[in-house]
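Geometric and topological summary
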Amino acid sequence: MAYLSERPLDLGSLVARVSAPERGAVACFLGTVRNHHQGRAVISLDYSAYVPMAEAECTRIVGEAEARWPARVALEHRLGSLRVGDAAVAVAAAASHRDAAFAACRFVIEETKRRVPIWKREHFADGTVEWVDPTGTHPAERSVDVAADEWGV
Amino acid sequence: MSVSAPPNVTVRVLLFASYAEALGREALSLTLAAPATVQAVLARLRALPGGERLPAQPLCAVNLAHSRPDTPLAEGDEVAVLPPMAGG
């Protein structure tokens, strides 16, 4: 698996993968498991995925970002059981200058959340377990331009 | 001799997360009358026990890419029914 990982994420290795002497700007995003959801205390999360499609969709997203901005992007999403504070998703985008690095990083994390078939089940402090349903976001087909506009990049 | 399309299309259907729980399975084979679409798969799933718990228009993918309700299906296609995504 290139984009999905059963092991703890290492943002440093993503940064190393995209870094180069001509790329003086590296923007990173790290999403971690938060200890609450809609006012309820969360203990842990289980991430699962439709692995072959998730890999294909991540490949498409990174390709779209690298075609739109002069940037190199690395992306990894964690699968399995995670505790509060664990890194769930990591993005590193490197470019000559910061505008492209920030834009590519923002685009990749937002499109990943929207399009990649990954699901999470939250274990709450009160003992209940529920699938998370962010709802509302329907990945209807749209152009990279429209997606980039939506994220303001 | 005329060559006609086969009258049926058999596809592999994958269910995930809350939808797999609702229907009590993660995969099944469905044989549909040709020409078949994603919508036809959903109609068949709704007729199964637990199928009434699927939303009106769930996200679907055909052969690893997001699809539409009217996306046509061919023999051997893999149709996935995807609950709201929750990555990140």
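This structure is a prediction, so every number in the text was calculated from the model and none was measured.

Here we come to the overall build of chain A. From N to C terminus, chain A includes four helices and nine strands. In sequence order, the secondary structure elements of chain A are arranged as β-α-β-β-β-α-β-β-β-α-β-β-α. By the compact-globule yardstick of 15 Å for 153 residues, chain A fits well, its C-alpha radius of gyration being 16 Å. Along the first, second and third principal axes, the C-alpha atoms of chain A reach 50 × 35 × 30 Å. Taken over 153 residues, chain A has a buried fraction of 37%. Pairs at least 24 apart in sequence give 76% of the contacts found in chain A among residues at least 6 apart.

Each helix and strand in chain B was counted, giving two helices and seven strands. Each helix and strand of chain B, placed in order from N terminus to C terminus, yields the pattern β-α-β-β-α-β-β-β-β. Computed over its C-alpha atoms, the radius of gyration of chain B comes to 13 Å, within 12% of the 12 Å expected for a compact globule of 88 residues. Principal-axis analysis of the C-alpha atoms places the extent of chain B at approximately 55 × 30 × 20 Å. In chain B, the share of contacts with a sequence separation of at least 24, taken over all contacts with a separation of at least 6, comes to 55%.

Here we come to the sheet that holds strand β1 (residues 8-15) of chain B. Residue and element names in this part refer to chain B. Spatial strand order, β2-β1-β7-β4-β5: five strands in an open sheet with mixed pairing. Of all the strands in the sheet, the pair left with one neighbour each is β2 (27-33) and β5 (65-66). Where strand β4 (residues 59-62) lies against β5, two bridges are found, and the strand directions are antiparallel. Paired with Val 62 across the two strands is Ala 65, which belongs to β5. Sitting on the sheet, helix α2 (residues 38-46) is in contact with β1, β2, β4 and β7 (78-82), with an inclination near 115° to β2.

Next up on the list: the pairing of strand β7 (residues 87-95) of chain A. Residue and element names in this part refer to chain A. Counting buried residues along β7, eight of its nine residues qualify, which places the element largely inside the surrounding structure. Summarising the sheet, strand β2 (residues 25-32) and β7 pair through eight bridges and their orientation is antiparallel. Residue pairing for β7: Val 26 is matched across the bridge by Ala 94. Pairing between strand β5 (residues 71-78) and β7: seven bridges, direction antiparallel. Bridge assignment links Glu 76 to a residue of β7, and that residue is Ala 90.

Across the contact, 16 residues belong to chain B and 25 residues belong to chain A. Elements that contribute at least two residues to the side of chain B that touches chain A include exactly α1 (17-23), β4 and β7 of chain B. When the residues that make up the side of chain B that touches chain A are grouped by side-chain class, the tally is 12 nonpolar, four polar and no charged.

One full turn of an α-helix is made of 3.6 residues, so residues set three or four places apart face in the same direction. Residue and element names in this part refer to chain A. In this model, helix α3 (residues 98-115) (18 residues) spans 25 Å end to end at C-alpha, consistent with the 26 Å of a helix rising 1.5 Å per residue. Buried residues of α3: Ala 100, Ala 101, Ala 103, Ala 104, Cys 105, Phe 107, Val 108, Ile 109, Glu 110, Glu 111, Thr 112 and Arg 115, and no others. Considering only its buried residues, α3 is in contact with β2, α2 (51-68), β5, β7 and α4 (144-150).

Our focus in this paragraph is the nonpolar core. Among the nonpolar cores identified, the biggest contains 68 residues, and Ala 71, Val 73, Val 91, Ala 93, Ala 101, Ala 104 and Val 108 of chain A are the most heavily contacted of them. When residues no more than four places from it in sequence are discounted, the contact partners of Val 91 of chain A are Cys 28, Phe 29, Val 73, Leu 75, Cys 105, Val 108 and Ile 109 of chain A.

Bringing the confidence of the model for chain B into the picture now. Residue and element names in this part refer to chain B. Confidence along chain B averages 94 in pLDDT terms, with 93% of residues attaining 70 or more. Looking across chain B, the model is least confident in β5, with a mean pLDDT of 94, and most confident in strand β6 (residues 72-73), with 98. Across the whole predicted complex the pTM is 0.90, and at the interface the ipTM reaches 0.90.

With that out of the way, let us pick up the sheet that holds strand β1 (residues 4-5) of chain A. Residue and element names in this part refer to chain A. Pairing in this open sheet of four strands is mixed, and the strands run β1-β5-β7-β2 from one edge to the other. Of all the strands in the sheet, the pair left with one neighbour each is β1 and β2. Along the sheet face, helix α1 (residues 11-18) touches β2, β5 and β7 and points at about 25° away from the line of β7. Seen against the sheet, α3 touches β2, β5 and β7 and runs at an angle of roughly 150° to β7.

Rules used throughout
- Residues numbered from 1 in each chain as written.
- Chains lettered and ligands numbered in written order.
- Predicted model: local features only at pLDDT ≥ 70, side-chain atom pairs only at ≥ 80, totals over all residues.
- Helix = DSSP H or I, 4+ residues; strand = E, 2+ residues; numbered from the N terminus.
- Rg over C-alpha atoms; globule rule 2.2 N^0.38 Å.
- Buried ≥ 20, exposed ≤ 12 C-beta atoms within 10 Å, placed from the backbone.
- Contact = placed C-beta atoms within 7 Å.
- Pairing = 2+ DSSP bridges.
- Axes fitted to C-alpha atoms, helices over the stretch in contact; angles between N-to-C directions.
- Nonpolar A, V, L, I, M, F, W, Y, C, P; charged D, E, K, R; others polar.
- Expected span 1.5 Å × (residues − 1).
- Core = buried A, V, L, I, M, F, W, Y, C linked by C-beta atoms within 7 Å.
- pLDDT = per-residue confidence, 0-100.

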